[in-house]
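Now for the letters of each chain:
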Amino acid sequence: MKTLSILSTKLSAWGLHLIGRGGSMPGSIGCKVDANILTKLKFNGPVILVTGTNGKTSTANMITDLFEKAGYHVISNRKGDNLKAGIVTALLTNSKLNGEIKANAVVLECDELNVRHILPFIPVTDFVVNNFFRDQLDRAREMEQLIDSIEKVLPEYKGRLILNGNDPNVVRLNLVAKNASISYFGMDENKYSVKTTKEASEGKFCPKCGARLEYDYYQYSHIGKFHCSKCDFESPALNTCLKDIDLDKETFVCDQTTFKSPYEGMYSMYNCAVVLNMAKNYGISLDCVKSVFSHAPQPAGRNEMFKSEDQTCILNLVKNPTGANEVMKVIEKDPSDKTIVIVTHSLDVVKDLCDRAVWIYKGELRLDGDPIYVIDEYLKQVAIDHKEEKKKAIAEGKHRYKAAVFIDAPKDFATIQKDKGTLVSQGWQISDHDQAVFKFFLDGNEISGIKRKNRQDVFEAYQEAYAGDMDPDTIGWQVNLDLNDLDLGNHKIDIQCSEPDGNILADKSIQFTLE
């Protein structure tokens, strides 16, 4: 199966190349042919796996350049196909049919949630972890779950861990990686460090005992020098430490040598620290490191500069709050007049940061103006679209009609005095069905004379959840019951909302006692 897996991957990759396409589909095919293909490959040299929330693409690419400049033949997933299928594609398309990798160094960028699918199955010599921040919750889940997925595969790992010594969420990995050797990189206190921070922070509590972490200083977010207020968990001694940081010149000092960072921002210098750590571990010269930094390409969407109608534009892809903070710091460094365009689905970001909003709807400009007004109109359209989608789904039989009914008065098991003369029963009813029928029963007998009342509160609470054309003036109902016609004792009120054919969508009953 091994040979067939490799061959099918190569052929599918070749076919995609012929039509000018790439991607990770070949790796998916290879895994389906042989689910254990990764364990059957033969590697000749270092295998470096790079993960983390921010900076893994730039870091992996610079490590690849470092080894190439040092004379290695390197295989890497430079384009960022960092899920299992993408990594398998990169490996199998560069292997012999017997499974031998045609290179003497492999550098792989790996998505955090996919580490568990890669690390235990190939002989990783160096496992680099840049940082952990809260990221795309819909995919990456809570950060604690993400870290836990990595911790579960570390007890058996016997290679070298290269960890960010300024990130407590990364340093904690040493607590479970008992069979690994560990090398730390980071940054010394500098003129940009701060004693307190209001930035989003994920490093508040000790992963060892749960007590609060205390910081001597912060570099950004929860990155800095820390120690537990109760146990011995603390920032480790750094094997690679950047000093004398100058963000204006984008320079730093390491091992008494000055380097210029290829990218702007303090956060990018941590990527450089990984490269220096790797060079030290493999005896690669500092001249090679300097050459890597001076020729590092700008990753697409990361401070990418281009011209548009004689205007200089800089594009930044931001995935999480920490990344956004660091990008804004870089922007604020430039004192010149500029227009900052934020493309986002977050209405809070638009409200908090923007003085102008442009709403693009289905590829067309819908509205341009004050953010509050534009957002209000946008939400109205979202509600309309939501209703139309529900109506379409109901018409196609994908969803059933639904309804909700409620009796506000009288309360269930209430005791009513007959001498009151009249009992006012009231509540509300809503439905997806525009022709829904509402009925009121007392002791099994249908009662007429139902009055409709305005229930704006119910309308606002349910307007997005129900597809029907609800009118707040008809949602509420009221029935006046003549108590003089009723006998003393227990009575029952039933209400129903049904389709015109009688199919009941929702109902509710209460009992009351007449004395």
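Conventions used here
Along each chain, residues carry numbers from 1 onward, in the same order as the chain's sequence is written. At least 70 in pLDDT is required for a residue's local features to be given in this predicted model, at least 80 for side-chain atom pairs to be given and counted, and no such filter applies to totals for whole chains, interfaces and linings, which use all residues. Processing note: side-chain calculations cover all non-hydrogen atoms of the structure and skip hydrogens and water entirely. Strand pairing requires that DSSP identify at least two bridges connecting the strands. Under the DSSP-based scheme used, a helix requires at least four consecutive residues in state H or I and a strand at least two consecutive residues in state E, with every element numbered from the N terminus. Geometry is summarised by axes, namely lines fitted to C-alpha atoms with helices restricted to the contacting stretch, and by angles between N-to-C directions that run from 0 to 180 degrees. In this scheme the handedness of a crossing depends on how the near helix is turned from the far one: anticlockwise by less than a right angle means left-handed, clockwise means right-handed. When checking whether two residues touch, look at their non-hydrogen atoms; a contact exists if any pair is within 4.5 Å. Only Asp, Glu, Lys and Arg are considered charged in this grouping, and only Ala, Val, Leu, Ile, Met, Phe, Trp, Tyr, Cys and Pro are considered nonpolar; every other residue, Gly among them, is considered polar. To qualify as a nonpolar core, a set must consist of buried Ala, Val, Leu, Ile, Met, Phe, Trp, Tyr and Cys residues joined through side-chain atoms within 4.5 Å. Burial classes follow relative accessibility: with a 1.4 Å probe on protein chains only, a residue under 20% of its type's maximum area counts as buried, one over 50% as exposed, and anything between as partly exposed. Stacked, tilted and edge-to-face pairs are distinguished by plane angle, under 30 degrees for stacked and over 60 for edge-to-face with tilted covering the rest, among Phe, Tyr and Trp rings (Trp via its six-membered ring) whose centres lie within 6.5 Å. Consider the ring centre and the ring normal. A charge sits over the ring if Lys NZ or Arg CZ is within 6 Å of that centre and within 35 degrees of that normal.

Things to note about the pairing of strand β12 (residues 304-308)
Part 1: Where β12 meets strand β13 (residues 311-315), 5 bridges bridge the pair, whose relative direction is antiparallel. Paired with Lys 307 across the two strands is Thr 312, which belongs to β13.
Part 2: Here β12 folds back onto β13, and the loop between the two strands holds 2 residues, one of which, Glu 309, carries a positive phi near 50 degrees.

Quick notes on the packing of helix α3 (residues 56-69) against helix α9 (residues 266-281)
Part 1: Relative to each other, α3 and α9 sit at 30 degrees, their axes nearing to 9 Å. In this structure, α3 meets α9 at a crossing whose hand is right-handed. Contact residues: Ser 58, Thr 59, Met 62, Ile 63, Leu 66 and Phe 67 in α3; Asn 271, Cys 272, Val 274, Val 275, Met 278 and Ala 279 in α9.
Part 2: Among the residues making up the contact of α3 with α9, the classes are represented as 9 nonpolar, 3 polar and no charged.

Notes on the nonpolar core
Part 1: In this structure, Leu 91, Leu 119, Phe 127, Phe 132 and Leu 154 are the most contacted members of the largest nonpolar core, which totals 50 residues.
Part 2: Excluding residues within four positions of it along the chain, Leu 91 makes contact with Leu 38, Leu 41, Phe 43, Ile 101, Val 106 and Leu 108.

Quick word on the packing of aromatic side chains
Part 1: Scanning all chains against the criterion turns up 17 aromatic pairs.
Part 2: Relative to Tyr 378, the ring of Trp 359 has its centre 5.6 Å away and its plane inclined at 90 degrees; by these criteria the two rings are edge-to-face. You can see Trp 359 sitting in strand β14 (residues 357-361) and its partner Tyr 378 sitting in helix α13 (residues 371-395), a full 19 residues away along the chain.
Part 3: In this structure Tyr 378 comes out as partly exposed when scored by relative accessible area, which is 28%.
Part 4: The ring centre of Phe 259 lies 5.8 Å from the NZ or CZ of Lys 290, which sits over that ring.
Part 5: When the ring centre of Trp 359 is taken as reference, the NZ or CZ atom of Arg 366 above it lies at 5.1 Å.

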